[in-house]
Amino acid sequence: MDTHSDFNPALYEMLRQRQLLSLLCPAEYGGPAYDTLSYAVVVEELSRICGSTGITVAAANSLGVAPIDMFGSPEQKQRVLPGVGTQGHVVVFGLTEPEAGSDAAGTKTTGVRDGDKWVINGSKCFITNGHFAEWIICTAVTQPGIGARGISSFLLHKSTPGFSVGKKEKKLGLRGSDTSTLHFDNVRLPADAMLGPDGNGFRQFMQTLDAGRISIGAMALGLAQGAYEIAVKYARQRVQFGRPIADFQAIQFKLADMATQIEASRHLVYHAAFLKDSGQPYARQSAMAKLHASETGRFCADTAIQVLGGYGLLAENRVERHWRDVKLCEIGEGTSEIQRIVIARHLLRESAGLLESETEA
Amino acid sequence: MFDDSLTDEQRVLRDAAREFCQRRVVPRAEQFDHDGAIPDDVFSEMAQLGYFGLRVPESYGGMDCDPIAYTLVIEEFARACAGLAITISVQNALVCGAIKNHGTEDQKKAWLPQLVDGALSAYALTEPGAGTDAGSLRASARRSGNEYILNGEKCFVTNASLAKFIVVFASTDLDAGSKGISAFVVASDTAGIGIGKPERKLGLRASDTRSISFCDARVPAGSRLGEEGAGYKIALSQLAHGRLGVAAQALGIGEAAFAAARQYARERKQFGRPIAEFQAIAFKLADMRIKLDASRLLLDRAVRLQAADKPFAREAAEAKVFASESANWVANEALQIHGGYGYMVEYPVERYFRDARVTTIYEGTSEAQRIVISRAILSQ
């Protein structure tokens, strides 16, 4: 899949049949209704072997199923989720635009009222699973000039006239994962295509991403684990200077650092999932989990390549693919810089009470 | 290697390389990466301009560049196409260097002019079982009358399928360990030499990397470079030179990544302003600059020692470790600054990221360099 930049159709079929593309779909629509922690573990295990599979599953669930479940009306859910739960239909999340990356509020796609219809014009980029989409959620500005509060979300079927999926991107990694542009050319939607109230789009995608972060953290964790396992296996069997290189302190310390970072990341990811599942606030923790796990992922893949030496650079060893794949985890669904902004915001809000009580004493 | 410390001649050579690269390499670097090859027309033009004999004395037709000018040229090529830079570096530092420093007058006359003219070369040292532990190599060279018979397998050989000449390290006395290794310069069309298929690599895809097998390959006794048993010393001494080339290559990759990141940060607007105005991004650029300048200083120190014929092995190792690790750090941050676009193949930054990776591994891993450095400082 990596060599040909194509998601293997047989694998896709297997994912559908095992309902991996609909893990978060509620049981009443035929879905497996996994809790967040179980879902995270699945994404982690898939990513341990293949980042492209991990992200395909993560996006389909966190960016597809979840927003419908969170924000859809009963009628919208009834329209979309049975197909998701029983047939593996994929929903995609059209948020990012060329001018709206980290600044997602800088959306330029417009939604203009025309009689009882909404007319959508614009394009989205870097959309995962674009070519597999049965349903599309897209954000558009319905009230210009008031910033984020003027953005709304819409739900449409792939067959809607005016909608098209554009070119597939050629990427550094995750080559098996479909990343495409989406085009909306005078797409006319009925009033009931809006997801949630008018102007609710920004808040929706913020919440969607807060939760999605856990899945990307899990993906990075899996890639880190996979890279580490390759490294430790190699270090035990590769002999130089008359002994396995695992005998050398420099190599041992690399393994120790990898394993420690992975363990710490795992605690953060699983804890964030647990908080969400138990109905507690989790947004700061999910940002921390994604931030930490993605940087751990890069560190582990990088260190694993170093342990493998020249062999680490060859396509025949998985580790260079993990290295290319995991880099995206620091960028997609909120860059590490955005995660730090989110975390800092929470910290400053949470610490406001602290400072007051200290000055009182 | 900072502009204000260069002679006019050094500046001229650097600028000529830069101009050539801008014109003939930069527009095609992405294609070279995609194709996994550099076309012949680039090599022939480079040969004509003297890039394959930069460090060869004029008496053999070379450019006789001083080490500083040479290092600057490698850096310029690396900014444009790191795969092309290593092709020149192997040719000049490892092969021409080995012949120049250890060959007889007849050998220099036989081989150097051809290399200068554009005959490419390769340096076959590494084996599947002998990487960092190069001294444990198992390729053998058995003396038979006026010939040696070579047997064994080499891997990760740069320029393998392009080379007319191959420097091969093989043991003439397998029981003597590294002290039994000898060096040979063999013609690639010698019977019994097999060139493997191209390796599919993470980076430096424009550079040709393959295995070479020797199956009862008979080479004349005159192919031997230096004395029997002197091969390992030759390998190590040339690697100290090669180290500087890799450091320069890493620096070039880092500078290219930095330039791309700075431009993108100035042009990309989010939240109503260029992202360069955000402290997080500005500080990344600052840290990149610090690491690149420090790399340059370490490289400058090592190259000037080499130019003065003083010992420079430890300094070269320091420069290689620092420049290569910095280049990786810089390329990663440069990609991060580009955000999603950095992950797309249409922007060059992901290529810089991939190309930087090998520099902490080949011609002596960072770990091997740290062994060299720590041994040197502990023996003082």
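Residues numbered from 1 in each chain as written. Chains lettered and ligands numbered in written order. Predicted model: local features only at pLDDT ≥ 70, side-chain atom pairs only at ≥ 80, totals over all residues.

### Observations regarding the overall build of chain B
Inference 1: Of the regular secondary structure elements, chain B holds eleven helices and ten strands.
Inference 2: The C-alpha atoms of chain B give a radius of gyration of 21 Å, which matches the 21 Å a tight globule of 380 residues would have.
Inference 3: Principal-axis analysis of the C-alpha atoms places the extent of chain B at approximately 80 × 50 × 40 Å.
Inference 4: Expressed as a percentage of its 380 residues, the buried residues of chain B come to 56%.
Inference 5: Pairs at least 24 apart in sequence give 75% of the contacts found in chain B among residues at least 6 apart. (Helix = DSSP H or I, 4+ residues; strand = E, 2+ residues; numbered from the N terminus. Rg over C-alpha atoms; globule rule 2.2 N^0.38 Å. Buried ≥ 20, exposed ≤ 12 C-beta atoms within 10 Å, placed from the backbone. Contact = placed C-beta atoms within 7 Å.)

### As for the overall build of chain A
Inference 1: What chain A contains, in helices and strands, is nine helices and ten strands.
Inference 2: In terms of C-alpha radius of gyration, chain A reaches 22 Å, essentially the compact-globule figure of 21 Å for 361 residues.
Inference 3: The principal-axis extents of the C-alpha atoms in chain A amount to approximately 80 × 65 × 40 Å.

### With respect to the pairing of strand β1 (residues 121-124) of chain B
Residue and element names in this part refer to chain B.
Inference 1: By the alternation rule, side chains of β1 split into Ser121 and Tyr123 and Ala122 and Ala124, which are all buried.
Inference 2: Of the pairings in the sheet, the one linking β1 to strand β4 (residues 165-171) comprises four bridges and is parallel in character. From the neighbouring strand, Ala122 faces β4, where its bridge partner is Ile166. (Pairing = 2+ DSSP bridges.)

### Comments concerning the pairing of strand β5 (residues 151-157) of chain A
Residue and element names in this part refer to chain A.
Inference 1: Burial of β5 is extensive: six of the seven residues sit out of reach of the surface.
Inference 2: As paired strands, strand β4 (residues 133-141) and β5 are joined by seven bridges and run antiparallel to one another. Bridge assignment links Cys138 to a residue of β5, and that residue is Phe154.
Inference 3: The sheet contact formed by β5 and strand β8 (residues 194-195) spans two bridges and is antiparallel. Opposite Ser153, over in β8, you have Leu195 as the bridge partner.

### Concerning the nonpolar core
Inference 1: In this structure, Phe154, Val269 and Ala304 of chain A together with Phe77, Ala257, Leu299 and Ala334 of chain B are the most contacted members of the largest nonpolar core, which totals 239 residues.
Inference 2: For this core, the leading source of residues is helix α7 (residues 231-267) of chain B, giving 19 residues.
Inference 3: Once residues lying within four places of it in the same chain are set aside, the contact partners of Val269 of chain A are Ala40, Ile214, Gly217, Ala218, Leu221, Ala289 and Ala293 of chain A. (Core = buried A, V, L, I, M, F, W, Y, C linked by C-beta atoms within 7 Å.)

### Notes on the interface of chain B and chain A
Inference 1: Every contact between the two is made by 26 residues of chain B and, on the other side, 27 residues of chain A.
Inference 2: Those elements that provide at least two residues to the side of chain B that touches chain A are α9 (313-342) and α10 (349-357) of chain B.
Inference 3: Element by element, the count of residues in the side of chain B that touches chain A is highest for α9 of chain B, at four residues.
Inference 4: Class assignment for the residues of the side of chain B that touches chain A results in eleven nonpolar, eight polar and seven charged. (Nonpolar A, V, L, I, M, F, W, Y, C, P; charged D, E, K, R; others polar.)

### Some remarks on the packing of helix α4 (residues 67-80) of chain B against α7 of chain B
Residues and elements named next belong to chain B.
Inference 1: It is the contact of α4 with α7, at a shortest axis distance of 7 Å, that shows an interaxial angle of 45°. In this view, α4 runs oblique relative to α7, as classed from their interaxial angle. Considering only the axes of α4 and α7, their crossing is right-handed. From α4, Thr71, Ile74, Glu75, Glu76, Phe77, Ala78 and Arg79 reach across to α7, where they touch Leu244, Gly245, Ala248, Gln249, Leu251, Gly252, Ile253, Glu255 and Ala256.
Inference 2: Residue classes in the contact of α4 with α7 are distributed as eight nonpolar, four polar and four charged. (Axes fitted to C-alpha atoms, helices over the stretch in contact; angles between N-to-C directions. Parallel < 35°, antiparallel > 145°, perpendicular 65-115°, else oblique. Left-handed = near helix turned anticlockwise from the far one by under 90°.)

### Section: the domain arrangement of chain B
Residue and element names in this part refer to chain B.
Inference 1: According to the domain assignment, chain B contains domain 1 (3-119), domain 2 (122-229) and domain 3 (233-378).
Inference 2: Of note, the centres of domain 2 and domain 3, computed from C-alpha atoms alone, are 30 Å apart.
Inference 3: At the junction of the two partners, domain 2 supplies ten residues and domain 3 supplies eight residues.
Inference 4: Residues belonging to the side of domain 2 that touches domain 3 are distributed by class as follows: seven nonpolar, three polar and no charged. (Domains from an automatic or database assignment.)

### Points about unusual backbone geometry
Residue and element names in this part refer to chain A.
Inference 1: Located in the positive-phi region is Ala33, a residue other than glycine, with phi close to 50°.
Inference 2: In this structure, Ala33 sits in the loop between α1 (9-17) and α2 (36-49).
Inference 3: Look at Phe126: it is not a glycine, yet its phi comes out positive at around 60°.
Inference 4: Residue placement: Phe126 occurs in strand β3 (residues 117-128).
Inference 5: By C-beta crowding, Phe126 is classed as buried, having 25 other C-beta atoms within 10 Å.

### Some remarks on the environment of Ser265 of chain A
Residue and element names in this part refer to chain A.
Inference 1: The topology assignment puts Ser265 in helix α6 (residues 249-277).
Inference 2: When the 28 C-beta atoms within 10 Å are taken as the criterion, Ser265 is described as buried.
Inference 3: Sequence-wise, Ser265 and Ala218 are 47 residues apart; in three dimensions their C-alpha atoms are separated by 8.9 Å.
Inference 4: Setting aside chain neighbours within four positions, we find Ser265 in contact with Leu221, Ala224, His292, Ala293 and Thr296.

### Points about the confidence of the model for chain B
Inference 1: Across chain B, pLDDT averages 97, with 100% of residues at or above 70.
Inference 2: As scored by the predictor, the complex reaches a pTM of 0.96 and an ipTM of 0.94. (pLDDT = per-residue confidence, 0-100.)

### Quick look at α2 of chain A
Inference 1: Taking 1.5 Å of rise per residue, 14 residues should cover 20 Å, and α2 of chain A covers 21 Å from first to last C-alpha, within 8% of that figure.
Inference 2: At its buried positions, α2 of chain A is contacted by α3 (51-71), α5 (201-237) and α6 of chain A. (Expected span 1.5 Å × (residues − 1).)

### Points about the packing of α4 of chain B against helix α5 (residues 82-102) of chain B
Residue and element names in this part refer to chain B.
Inference 1: In contact at an axis separation of 6 Å, α4 and α5 are set at 150° when each is read in the N-to-C sense. Taken together, the axis directions place α4 and α5 in an arrangement best described as roughly antiparallel. Seen from α4, the contacting residues are Tyr70, Ile74, Phe77, Ala78 and Ala80; seen from α5, they are Ala82, Leu84, Ala85, Ile88, Ser89 and Asn92.

### Comments concerning helix α6 (residues 105-117) of chain B
All names here are of chain B.
Inference 1: The terminal C-alpha atoms of α6 lie 18 Å apart, and with 13 residues this matches the ideal 18 Å at 1.5 Å per residue to within 8%.
Inference 2: Listing the buried residues of α6 in full gives Trp111, Leu112, Leu115 and Val116.
Inference 3: Its buried side turned inward, α6 meets α5, β1, β4 and β5 (181-187).
Inference 4: Taken from the residues just after α6, Gly118 is the one with a positive phi, measuring 125°.

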